[in-house]
Amino acid sequence: MDAGKEFIKGFWRENPVFRLVLGLCPTLAVTTTAVNGIGMGLATTFVLVSSNTVISLIRSFIPKKIRIPAFIVTIATFVTIVDLVMNGYFHALHKSLGLFIPLIVVNCVILGRAEAFASKNPVWLSIVDGLGMGLGFAVSLTIIGAVRELFGNGTVFNISIFGDSFNPLLLVIMPPGAFIVLGILLGLMNRIEIKIAERSGRKPIISKTHDCSVCVVNRSWFDLGSMEKGK
Amino acid sequence: MKEIFRLTLVLTVITAVSAGVLAFVSYQTEEPIRKALQEEKMTAARNVLPPFDNKIIEDRKFVVNSAGDTIEVFRGKKDGKITGAAFPVISADGYSGDIEFLVGVNRDGVIQGVEILKHSETPGLGAKIQSGEFRDQFGGHSIDNTRVWEVKKDGGEFEQITGATISSRAVTRAIRKGLNFYETNIDEITGGADRLREGVKQGSEEKD
């Protein structure tokens, strides 16, 4: 397997946020500013690389039946380390990320990579996978954070973009804004993917046209007859 | 039966190793965390106290308020004389969660500054209680020179933040409460400072 390919997939092909749509709790909750996005992304990257490394190292010792508790204990250990170290040495950042650092434990990206990759692959590839996925996650969070900060506060990385006369769109940095921005960015990414695929002549990762016959919106939820095959 | 022992053993080993690692990290970061928290509070205290030349960390005094809670009061002194005090105030009336802040007053109970320590108000709305615009308007006010200690919406003298009246009101009323606390305990806070200092000198470890 090609290490470069494993690294790069986290940024586009299997991007955790925009493609796999995993780890949405931190994605939606902390991305009120670009700095928060970077901080959360890097903390997650550290945990992801560390847990991938350890799980890959001990993968042959862990019986299949207890693999999930074993993974969770490993992940929780690294999260606690991040929490303590950040509190001591990057106190301001720790304060603004607050509750969400301990919640990295339940970020499904991390458990997902442990289960789907690190427990089946050698250490070297697992580190590369963790690094790629983690940085892909960090970049996605930073982009969402930057967009929300720009429209919700008129700044990016605390640098004023629109000037003092700008009347911020508060909704964007409130919880509903997270969903709206994520949805718009997801749609944009799909559109770009289709354009790129068309140009290079390959098959796009997502299908181009929406198939109304399989869409849940098109069906009456209570009319079971129409759910049958061939409809 | 054999399998269950193996599973137990593996999990025990994993958790034991984790516990060991965490114990080590926790031991290593204990001091930096304590320092960071202390530093945060000290910076706030320095910002709200009138000019002082003493080591405020040594001149702390613990005063019990009317609710029975122990309040950590920082005291600023110049040439050995008390110039003012800073004390934490907690408001439970915020829009979400407690708002904790530090109020600095001079000897006569006139506000010198307000610093927000902890809050979880809505970003962009209630969180604006952190802005200088809101906090600075309390400077120069005391119970004596302020007729109605409320936000303007409630007929008082203080500007509320647009769209965040609840947060503004919570802070405003809590400051008033803090001033009352200072008035009530003024003798305990300003008196006996020099004696305390003598006693603390030996045991102090922190330089300010």
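Residues numbered from 1 in each chain as written. Chains lettered and ligands numbered in written order. Predicted model: local features only at pLDDT ≥ 70, side-chain atom pairs only at ≥ 80, totals over all residues. Heavy atoms only, no water.

Student: Explain the overall build of chain A residue by residue, including any values.
Tutor: Helices and strands together make up the secondary structure of chain A, namely 8 helices and 2 strands. Of the regular secondary structure in chain A, the N- to C-terminal order runs α-α-α-α-α-α-α-β-β-α. Looking at chain A as a whole, 43% of its 231 residues are labelled buried. Taking as baseline every contact in chain A between residues at least 6 positions apart, the subset at least 24 positions apart corresponds to 71%. (Helix = DSSP H or I, 4+ residues; strand = E, 2+ residues; numbered from the N terminus. Buried < 20%, exposed > 50% of the residue type's maximum accessible area, 1.4 Å probe, protein only. Contact = heavy atoms within 4.5 Å.)

Student: Summarise the overall build of chain B; cite the residues concerned and give the values.
Tutor: Broken down by element type, chain B carries 5 helices and 5 strands. Along chain B, helices (α) and strands (β) appear in the sequence α-β-β-β-β-β-α-α-α-α when read from the amino end. Scaling as 2.2 N^0.38, a compact globule of 208 residues should have a C-alpha radius of gyration of about 17 Å, whereas chain B reaches 22 Å, well beyond that. Relative to its 208 residues, chain B shows a buried fraction of 43%. Within chain B, contacts between residues at least 6 apart in sequence are counted, and of these 52% link residues at least 24 apart. Surface accessibility of chain B: about 11,300 Å² in total, with carbon and sulfur atoms responsible for 52%. Treating the 28 positive side-chain charges of chain B as one cloud and the 32 negative ones as another, the clouds have centres 2 Å apart. (Rg over C-alpha atoms; globule rule 2.2 N^0.38 Å. Areas by Shrake-Rupley, 256 points an atom, 1.4 Å probe, with all protein chains shown as cover. Lys, Arg positive; Asp, Glu negative; His and termini not counted. Charge placed at Lys NZ, Arg CZ, Asp CG, Glu CD.)

Student: Can you break down the environment of B:T165 residue by residue, with the values?
Tutor: All names here are of chain B. Tracing the backbone shows T165 in helix α3 (residues 165-184). Spatially, the C-alpha atom of T165 lies 22 Å from that of G140, the residues being 25 residues apart in sequence. Sequence-distant contacts of T165, defined by excluding residues within four places in its chain, comprise K153 and Q160.

Student: Quick rundown of the pattern of salt bridges? Include the residues and the values.
Tutor: Should the charged atoms of two oppositely charged side chains come close, the side chains can pair. Across all of its chains, the model carries 15 salt bridges over all chains by this definition. One salt bridge in this structure joins B:R46 and B:E39, with 3.0 Å as the shortest N-O distance. By relative accessible area, B:R46 is classed as partly exposed at 31%. Each of A:E6, A:K9, A:R113 and A:D129 takes part in salt bridges that share partners, so that together they form one network. (Salt bridge = Lys/Arg side-chain N within 4 Å of Asp/Glu carboxyl O.)

Student: Please set out the environment of A:I55 residue by residue, giving values where relevant.
Tutor: All names here are of chain A. Mapped onto the elements, I55 comes out in helix α3 (residues 34-57). Through-space distance from the C-alpha of I55 to that of K120 is 9.5 Å; in sequence the pair is 65 residues apart. Not counting chain neighbours up to four residues away, the residues in contact with I55 comprise F71, T74, A114, A118 and S119.

Student: I'd love a proper account of the confidence of the model for chain B, names of residues and values included.
Tutor: All names here are of chain B. Mean pLDDT over chain B works out to 83, with 91% of the residues at or above the 70 mark. By mean pLDDT, helix α5 (residues 193-201) is the weakest element of chain B at 43, and helix α1 (residues 2-48) is the strongest at 91. In the model, residues 193-208 has pLDDT below 50 throughout and makes 28 contacts with residues more than four positions away in sequence or in other chains. We note a pTM of 0.73 for the whole complex and an ipTM of 0.72 for its interfaces. (pLDDT = per-residue confidence, 0-100.)

Student: Requested: an account of the nonpolar core, with residues and values cited.
Tutor: One broad rule of soluble globular proteins: the nonpolar side chains tend to lie buried together. One finds A:V17, A:F18, A:V47, A:I101, A:I104 and A:I144 to be the most contacted residues of the largest nonpolar core, which totals 33 residues. Taken together, the elements giving at least two residues each to this core come down to α2 (24-30), α3, α4 (67-89), α6 (108-118), α7 (123-153) and α8 (175-200) of chain A together with α1 of chain B. Residues within four places of A:I104 in sequence aside, it is in contact with A:M40, A:A43, A:T44, A:V47, A:V79 and A:I110. The next biggest cluster of nonpolar side chains, apart from the first, holds 28 residues, and it includes B:V73, B:I99, B:Y182 and B:I189. (Core = buried A, V, L, I, M, F, W, Y, C linked by side-chain atoms within 4.5 Å.)

Student: Which residues make up the packing of α3(A) against α4(A), and what values do they have?
Tutor: A pair of packed helices is captured by two measures, namely the crossing angle of their axes and the spacing between those axes. Residues and elements named next belong to chain A. One can describe the packing of α3 onto α4 by two numbers: an axis separation of 9 Å at closest approach and a directional angle of 140 degrees. Classified by the interaxial angle, the pair formed by α3 and α4 is oblique. For the element pair α3 and α4, the recorded crossing hand is right-handed. Across the interface between the two elements, G39, A43, F46, V47, S50, S51, V54 and I55 of α3 pack against F71, T74, I75, F78, V79, V82 and M86 of α4. Residue classes in the contact of α3 with α4 are distributed as 11 nonpolar, 4 polar and no charged. (Axes fitted to C-alpha atoms, helices over the stretch in contact; angles between N-to-C directions. Parallel < 35°, antiparallel > 145°, perpendicular 65-115°, else oblique. Left-handed = near helix turned anticlockwise from the far one by under 90°. Nonpolar A, V, L, I, M, F, W, Y, C, P; charged D, E, K, R; others polar.)

Student: Describe the pairing of strand β4 (residues 99-106) of chain B, and please don't skip the residues or the numbers.
Tutor: Residues and elements named next belong to chain B. Burial runs high along β4: 7 of the 8 residues are buried. One ladder, built from 8 bridges, connects strand β3 (residues 81-91) with β4; its direction is antiparallel. Each residue of the ladder has a partner; that of A86, found in β4, is G104. When β4 meets strand β5 (residues 111-118), the two strands line up antiparallel, connected through 6 bridges. Counterpart to V103 in the pairing with β5 is V114. As consecutive antiparallel partners, β4 and β5 are separated by 4 residues, and within that stretch G109 has a phi angle of approximately 85 degrees, a positive value. (Pairing = 2+ DSSP bridges.)

Student: So what's going on with the packing of aromatic side chains? Which residues, and what values?
Tutor: Within this structure, the stated rule accounts for 8 aromatic pairs over all chains. Note on A:F151 and A:F162: the rings are 6.5 Å apart at their centroids and 50 degrees apart in plane angle, and the pair reads as tilted. A residue pair is termed long-range when its members are at least 10 positions apart, and A:F151 in helix α7 and A:F162 in the loop between β2 (159-160) and α8 qualify at 11 residues. A relative accessible area of 36% means that A:F162 is categorised as partly exposed. Considering the side-chain rings of B:F138 and B:F158, the 4.6 Å spacing of their centres and the 35 degrees angle between planes classify their relative orientation as tilted. Of this pair, B:F138 sits in the loop between α2 (132-136) and α3 while B:F158 sits in the loop between α2 and α3, placing them 20 residues apart in sequence. (Phe/Tyr/Trp six-rings, centres within 6.5 Å; stacked < 30°, edge-to-face > 60°.)

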